[in-house]
Amino acid sequence: QVQLVESGGGLVQPGGSLRLSCVASGFTFSNYVMSWVRQAPGKGLEWVSVMLSGGGRTSYADSVKGRFTISRDTAKNTLYLQMNSLKPEDTAVYYCAKEDGLGSYDYWGQGTQVTVSS
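The structure displayed is predicted, hence computed values, not measured ones. (Residues numbered from 1 in each chain as written. Predicted model: local features only at pLDDT ≥ 70, side-chain atom pairs only at ≥ 80, totals over all residues. Heavy atoms only, no water.)

Our next topic: the pattern of salt bridges. Oppositely charged side chains can pair when the atoms bearing their charge come close. Considering all chains together, one arrives at 5 salt bridges under this definition. One network of salt bridges, with partners in common, ties together Arg38, Glu46, Arg67 and Asp90. (Salt bridge = Lys/Arg side-chain N within 4 Å of Asp/Glu carboxyl O.)

Taken together, the 3 bridges between strand S9 (residues 92–99) and strand S10 (residues 105–108) define a ladder with antiparallel strand orientation. From the neighbouring strand, lysine 98 faces S10, where its bridge partner is tyrosine 107. Between S9 and S10, which pair antiparallel in sequence order, lie 5 residues; one of them, glycine 101, sits at a positive phi of approximately 90°. (Pairing = 2+ DSSP bridges. Helix = DSSP H or I, 4+ residues; strand = E, 2+ residues; numbered from the N terminus.)

Glancing now at the sheet that holds strand S7 (residues 68–73). Within the open sheet, the 4 strands sit side by side as S1-S3-S8-S7. Their pairing is antiparallel. The open sheet has two edge strands with one neighbour each: strand S1 (3–7) and S7. On average, adjacent strands in this sheet sit at an angle of 15° to one another, irrespective of strand direction. Note: S7 against strand S8 (residues 78–83), 6 bridges, orientation antiparallel. Among the inter-strand pairings, serine 71 is bridged to a residue of S8, identified as tyrosine 80. (Axes fitted to C-alpha atoms, helices over the stretch in contact; angles between N-to-C directions.)

Throughout the structure, instances matching the rule amount to 1 disulfide. Disulfide pairing is shown between cysteine 22 and cysteine 96; the S-S distance is 1.9 Å. Judged by the sign of its S-S torsion, about 55°, the cystine formed by cysteine 22 and cysteine 96 is right-handed. Of the two residues, cysteine 22 is situated in strand S3 (residues 18–25) and cysteine 96 in strand S9; the sequence distance between them amounts to 74 residues. Note on cysteine 96: relative accessible area 0%, which makes it buried. (Disulfide = S-S within 2.5 Å. Buried < 20%, exposed > 50% of the residue type's maximum accessible area, 1.4 Å probe, protein only.)

With that out of the way, let us pick up the nonpolar core. Within the largest apolar cluster, 27 residues are counted, with the highest numbers of intra-cluster contacts made by Trp36, Phe68, Leu79, Leu81, Met83 and Tyr94. For this core, the secondary-structure elements that each account for two or more residues are S3, strand S4 (34–39), strand S5 (45–51), S7, S8, S9 and strand S11 (112–116). Broken down by element, the residue count for this core peaks at 4 residues, all from S3. Residues within four places of leucine 81 in sequence aside, it is in contact with Leu18, Arg19, Leu20, Trp36, Val48, Ser49, Phe68, Thr69, Ile70 and Tyr94. (Core = buried A, V, L, I, M, F, W, Y, C linked by side-chain atoms within 4.5 Å. Contact = heavy atoms within 4.5 Å.)

With respect to the helices, strands and loops of the structure, tryptophan 36 is situated in strand S4. When the C-alpha atoms of tryptophan 36 and lysine 98 are compared, they prove to be 9.2 Å apart, with 62 residues separating the residues in sequence. One polar contact links the side chain of tryptophan 36 to the main-chain carbonyl oxygen of tyrosine 80, over a distance of 3.2 Å. (Polar contact = N/O pair within 3.5 Å; in protein donor to acceptor, adjacent residues only side chain to side chain.)

Laid out in structure tokens, this is it:
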């Protein structure tokens, strides 16, 4: 069974850092594109970052570019999101998601809450 479990969220002050983790199981992790998506309170889903299945190329939303870094550890079946210089507007539930190979995301994690506040 495919499972994605996020962790690492919490409360942090503006300018602080946090690293999110997404542990994957039930599929060959390295064969699939993986993304981070977030949802702020009362808002819709916002795509944050993506990593190609080969682990080489990455891409970011303009709102987080230069502050966030996506990475993966294939041996641990884990996707990461390093979040630096956090802003209050980064407050959201963060999800990792697996691409189905046909242009859509077929599995999502439960999400982890990130709150940036002083």
